Amino acid sequence: MFEILHTRQLTPVTKLFEVAAPLVAKAGRPGQFVILRVHGHGERIPVTITDLDPQAGTVTVVIQEVGATSKMANALAEGERFHDLAGPLGEPAPLREKGHVVCVGGGFGAAAILSILKGLKAKATHSSAIVGARTAELVILEDRLRDAADALHICTDDGSAGFKGLVTAKLEELITSGEPVDEIVAIGPMVMMRAVAATTAPHGIATLVSLDPIMIDGTGMCGACRVTVDGRTQFACIDGPLFDATKIDFDELVRRNKTYRDEEEAALHRYEQAHCRAEEAAAAATRP
Amino acid sequence: MPVISPSKTPMPVADAKERAKTFREVNFGYDPRRAMQEADRCLRCQDPTCQTGCPVNVPIREVIHLTSQRRFDDALALIKRFNSLPGVCGRVCPQENQCEGRCHVGDRFGPVGIGYIERFLADWERLHGSQPVEKAEPKGQKVAIVGSGPSGLTAAGDLNHMGYDVTVFEALHDAGGVLRYGIPEFRLPKDVLDDEINALVRAGVDIQCNVVFGKTLTLDQLMDEMGYEAVFIGTGAGLPRFMNLPGENLNGIYSSNEFLTRINLMGAYRFPDYDTPVKSGRRVAVIGAGNTAMDAARCAMRAGSEEVTVVYRRSEAEMTARVEEYEHAIEEGVQFKWLNNPIEFIDDGNGWVSGMRCQRMELGEPDEDGRRRPVPVPDSEFVLDVNNVIVSIGTSPNPLLSRTTPGLDTTKWGGLVAEDDTGQTSREGVFAGGDIVTGSATVILAAGAGKRAASAIDTYLSQKRGEAAEA
Ligand SMILES: Cc1cc2nc3c(=O)[nH]c(=O)nc-3n(C[C@H](O)[C@H](O)[C@H](O)COP(=O)(O)OP(=O)(O)OC[C@H]3O[C@@H](n4cnc5c(N)ncnc54)[C@H](O)[C@@H]3O)c2cc1C
Ligand code: FES
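Residues numbered from 1 in each chain as written. Chains lettered and ligands numbered in written order. Predicted model: local features only at pLDDT ≥ 70, side-chain atom pairs only at ≥ 80, totals over all residues. Heavy atoms only, no water.

Let us now look at the sheet that holds strand β6 (residues 253-255) of chain B. Residues and elements named next belong to chain B. A sheet is described by the order of its strands in space; here five strands give the open sequence β6-β14-β7-β8-β9, paired in parallel fashion. A single partner strand is all that each edge strand has here, and the edge strands are β6 and β9 (335-337). On average, adjacent strands in this sheet sit at an angle of 20 degrees to one another, irrespective of strand direction. Sheet topology places strand β8 (residues 307-311) next to β9; three bridges connect them, and they run parallel. For V311, the partnering residue across the bridge sits in β9 and is K337. Across the sheet, helix α13 (residues 256-264) is in contact with β6 and β14 (388-391); its angle to β6 comes to roughly 85 degrees. (Pairing = 2+ DSSP bridges. Helix = DSSP H or I, 4+ residues; strand = E, 2+ residues; numbered from the N terminus. Axes fitted to C-alpha atoms, helices over the stretch in contact; angles between N-to-C directions. Contact = heavy atoms within 4.5 Å.)

Printed below as a string of structure tokens:
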């Protein structure tokens, strides 16, 4: 059991958890992930590490609600526990010693790039962050990102904060602005990572993206996480999760991630119904 | 001398049609009367060849004799001196190649049902409570066991018994290794496994799950910072092999490890009570013919598939699965296509597998290991319609360990190099055994390696204590 020491609701659907996991806090490196289970009958879900505090023995993760499991996770409060937490898993991000690294984060990915930015800062490598959200309220962890990156660019679809437009437009602008960019690391929804790959390819800049295939063990034992990179099958949990964006078969990954769409929808539906019933019962109990 | 009944006392089993729809255990086990009746079939040979067939040398003749005298506790205690997992091994050992394969009764009749008797004795103890075992004086030395499969659990049990302070580190959220995630409930009920593990915990073994050795903790941390004086590595050979055929990453194609882990470890057969789903469509093909393939095929039947076909490039004679598993699979309706090899997986147009192109094979010259090598028959291709495919062609050692743990010599196939009789690796104080050393083998071989390593660790640590006392 892994106690949740602190939480912060970042948007209506994203929540930050600081969890007591001393061994992981000590061993973890930027770019790695952990596997969580919410309860004893639960799924194992991979979640990117947002931050690590080896002194306090805590690991910070940010979870965005997409299905039943992430909703159950986000229903957990301070003082409650994750049933299981294993990590750090995957290979750490290669942190450059010099040059200019641009980290791009969309949605929850804005949290996921934080550990990498902090890692770069520790090495005194010049870094920029580009984070995107639909609207100003959905921009997450702005304070911490501003602290970690040398420059922070916020992009919103509606222009309510920062640059109006997609992260890729900002990225293009940055690349062509004259300041050299040596590497790009993008984490977020698959469409965004694909678009980033398409943006950087013509410029020939090394681009890494963090893949999130379906996983079970996260230790190389099942092969659920296999992805095709450069024509070869790789296990994202042990060979990744970061891969060269130009070499990834995204179509295959998008398709494989839909394998359990029906079951996921059914689970979400069941969860929401149970949730409603629980709320009604609670309301009934408080009625005079 | 009593007249020997020509065949084994039958094992009561669940009806094949009914059981093929549930995960309840297939074999019900002997009652005392059947166990004693079976034990009476033993000739008490001068040369108990059965014992030489046992990888851990259980004195089988004496165990059987005690059973026939209704001294069940004594019989079990005797087994346990050699094998700490009788409830498991009685169920899953390939007895036909081991003890029972060498039984002299078997020369003319069916061999004595040694496995069934072993299982009975273990179940008897589960029903009637175990005898307390005395633990040696605490030795004040810490030993770490990495991996909680049969090798790790056995080493942990023995070392704990000898008085060491033992912690088991397991990567997954639950202990047992393949016994937990691979071998299904209907063959090895998880209650049996839980009882074996709980007994270890009650005896004082500390089991820490969610610790991925090499990632969460390193060997140096264990030995230099945390005070473990010896480490046993029993991490198994868990990396699934694929065939590298066109279309292998289509939706609906699993490794047997994934399919079985979803079902056994994650409880997918009880979806939606358990959150993890599994797909087992109308037609399923399983590639390979080992125990893992049989387990996958039988799980697919139980998970609702209507037609399950095992496809193997060699013939029935080369199959490596336990005979009982094969027979049970046939009874349950699993079909077998021998001498067929898949060459391509076909897309249904939406990224799901819909067919498997195969080619027929025939047996040619024997290869290095003496098995006749299958060669393709020209112009023999055909397509098997499938909704799911389970690739079960074997596993390799997980590279995670060697990538993260320098200083341990590995073989060219990625296994750890360890001495056969001690498990000693290339690093002082570090021992290894089980599938990580031998490649995929059997539960009893892994358990036996754990036992030998435990005794070697005891020798090593006793010497260290001696040196410390002198200094
Ligand atoms: C489906 C299936 C059916 C089988 N059926 C039979 C049968 O009927 N009879 C038989 O005799 N044999 C059978 N076998 C083979 C038998 O199960 C294995 O030979 C045996 O389990 C090997 O034991 P082990 O202790 O070496 O490793 P495993 O049982 O593989 O256990 C290794 C453990 O180590 C853990 N681990 C791995 N890496 C790490 C790490 N880095 N840090 C921490 N923990 C780690 C794993 O999670 C696992 O729990 C079967 C195998 C399979 C897969
Ligand atoms: S998640 Fe199982 S091998 Fe990667």
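Once that is clear, we can look at the domain arrangement of chain A. Assigned domains within chain A: domain 1 (2-89), domain 2 (100-257) and domain 3 (260-288). Distance from the C-alpha centre of domain 2 of chain A to the C-alpha centre of domain 3 of chain A: 34 Å. (Domains from an automatic or database assignment.)

Another aspect to go through is the interface of chain A and chain B. Taken together, the contact pairs 45 residues of chain A with 43 residues of chain B. Summed over both sides, the interface between chain A and chain B buries roughly 3,700 Å², with carbon and sulfur atoms accounting for 53% of that surface. When the buried area of chain A at its contact with chain B is split by residue, M221, R226 and Y260 of chain A rank highest and sum to 18% of it. For the pair chain A and chain B, the number of links is 27 residue pairs in polar contact (both at pLDDT 80 or more). At the level of secondary structure, the elements contributing two or more residues to the side of chain A that touches chain B comprise α1 (22-27), α2 (68-74), β7 (84-89), β14 (226-229), β15 (232-235), α7 (236-239), α8 (250-256) and α9 (261-286) of chain A. Of all the elements, β7 of chain A adds the most residues to the side of chain A that touches chain B, at six residues. (Buried area = accessible area lost by both parts, 1.4 Å probe. Polar contact = N/O pair within 3.5 Å; in protein donor to acceptor, adjacent residues only side chain to side chain.)

A word on the state of the cysteines. Scanning the entire structure with this criterion turns up zero disulfides over all chains. Lacking any disulfide linkage, C103 of chain A is separated from the closest cysteine sulfur, that of C155 of chain A, by 14 Å. (Disulfide = S-S within 2.5 Å.)

Before going further, it helps to spend a moment on the pairing of β14 of chain B. Residues and elements named next belong to chain B. Where burial is concerned, the two faces of β14 agree: the one with N388 and I390 and the one with V389 and V391 are both buried. Pairing geometry for β6 and β14, over three bridges, is parallel. Its bridge partner lying in β14, Y254 is registered against I390. Of the pairings in the sheet, the one linking strand β7 (residues 283-287) to β14 comprises four bridges and is parallel in character. Directly across from V284, in β14, lies its bridge partner N388. (Buried < 20%, exposed > 50% of the residue type's maximum accessible area, 1.4 Å probe, protein only.)

Cis rather than trans, the peptide bond between G240 of chain A and P241 of chain A has omega equal to 10 degrees. With respect to the helices and strands, P241 of chain A occurs in the loop between α7 and β16 (242-244). For the bond from F271 of chain B to P272 of chain B, the omega torsion is 5 degrees, close enough to zero to count as cis. At L141 of chain A, a residue that is not glycine, the phi angle is positive and equals roughly 55 degrees. Structurally, L141 of chain A is set in the loop between β9 (126-133) and α4 (142-148). Classification of L141 of chain A by relative accessible area gives buried; the value is 3%. Of note, the phi angle at D230 of chain A is positive, near 55 degrees, even though the residue is not glycine. For D230 of chain A, the location among the structural elements is in the loop between β14 and β15. Its relative accessible area of 53% is what places D230 of chain A among the exposed residues.

Attention shifts here to helix α8 (residues 114-128) of chain B. Residues and elements named next belong to chain B. Counted at 1.5 Å a residue, the expected span for α8 with its 15 residues is 21 Å, and the 21 Å between its end C-alpha atoms agrees. Counting buried positions along α8 gives twelve out of 15 residues, so the element sits mostly inside the fold. Listed as buried for α8 are I114, G115, Y116, I117, E118, R119, F120, L121, A122, D123, W124 and E125. Of the residues flanking the end of α8, it is G129, one or two places downstream, whose phi is positive at about 85 degrees. (Expected span 1.5 Å × (residues − 1).)

Moving on, we get to the domain arrangement of chain B. All names here are of chain B. By domain assignment, chain B separates into domain 1 (16-128), domain 2 (142-238 + 396-470) and domain 3 (242-391). Inter-centroid distance (C-alpha atoms) of domain 2 to domain 3 is 31 Å. In this assembly, twelve residues from domain 2 lie in contact with 14 residues from domain 3. Summed over both sides, the interface of domain 2 with domain 3 buries roughly 1,100 Å², with 59% coming from carbon and sulfur. Ranking the residues of domain 2 by area buried against domain 3 places Y181, F186 and R187 at the top, with a combined share of 54%. At the boundary of domain 2 and domain 3, one finds two salt bridges. Put simply, R187 and E325 hold a salt bridge, and the shortest N to O gap is 3.2 Å. The interface formed by domain 2 and domain 3 contains five residue pairs in polar contact (both at pLDDT 80 or more). A per-class count over the side of domain 2 that touches domain 3 returns five nonpolar, three polar and four charged. (Salt bridge = Lys/Arg side-chain N within 4 Å of Asp/Glu carboxyl O. Nonpolar A, V, L, I, M, F, W, Y, C, P; charged D, E, K, R; others polar.)

Below, the discussion takes up the sheet that holds strand β16 (residues 430-432) of chain B. Residue and element names in this part refer to chain B. Pairing is parallel in the open sheet, where five strands are placed in the order β3-β2-β1-β4-β16. Every other strand in the sheet has two partners, leaving β3 (206-208) and β16 as the edge strands with one partner each. Here the strands of the sheet are splayed against their neighbours by 20 degrees on average, with no regard to which way each runs. Of the strand pairs in this sheet, strand β1 (residues 142-146) and strand β2 (residues 165-169) are connected by five bridges, and their pairing is parallel. If you follow A144 over to β2, its bridge partner there is T167.

Residues and elements named next belong to chain B. The local shell around ligand 1 holds 35 residues, among which V92, S151, E170, R187 and F213 are the closest. Within the contact set of ligand 1, an oxygen atom lies 3.3 Å away from a backbone nitrogen or oxygen of P150. S151 places a polar side-chain atom, nitrogen or oxygen, 2.7 Å from an oxygen atom of ligand 1. Taking 990 Å² as the accessible area of ligand 1 by itself, protein coverage stands at 94%. Put simply, the parts of the chain that give the shell around ligand 1 at least two residues each are α9 (150-161), α14 (291-302) and α18 (443-470). (Near = heavy atom within 4 Å. Areas by Shrake-Rupley, 256 points an atom, 1.4 Å probe, with all protein chains shown as cover.)

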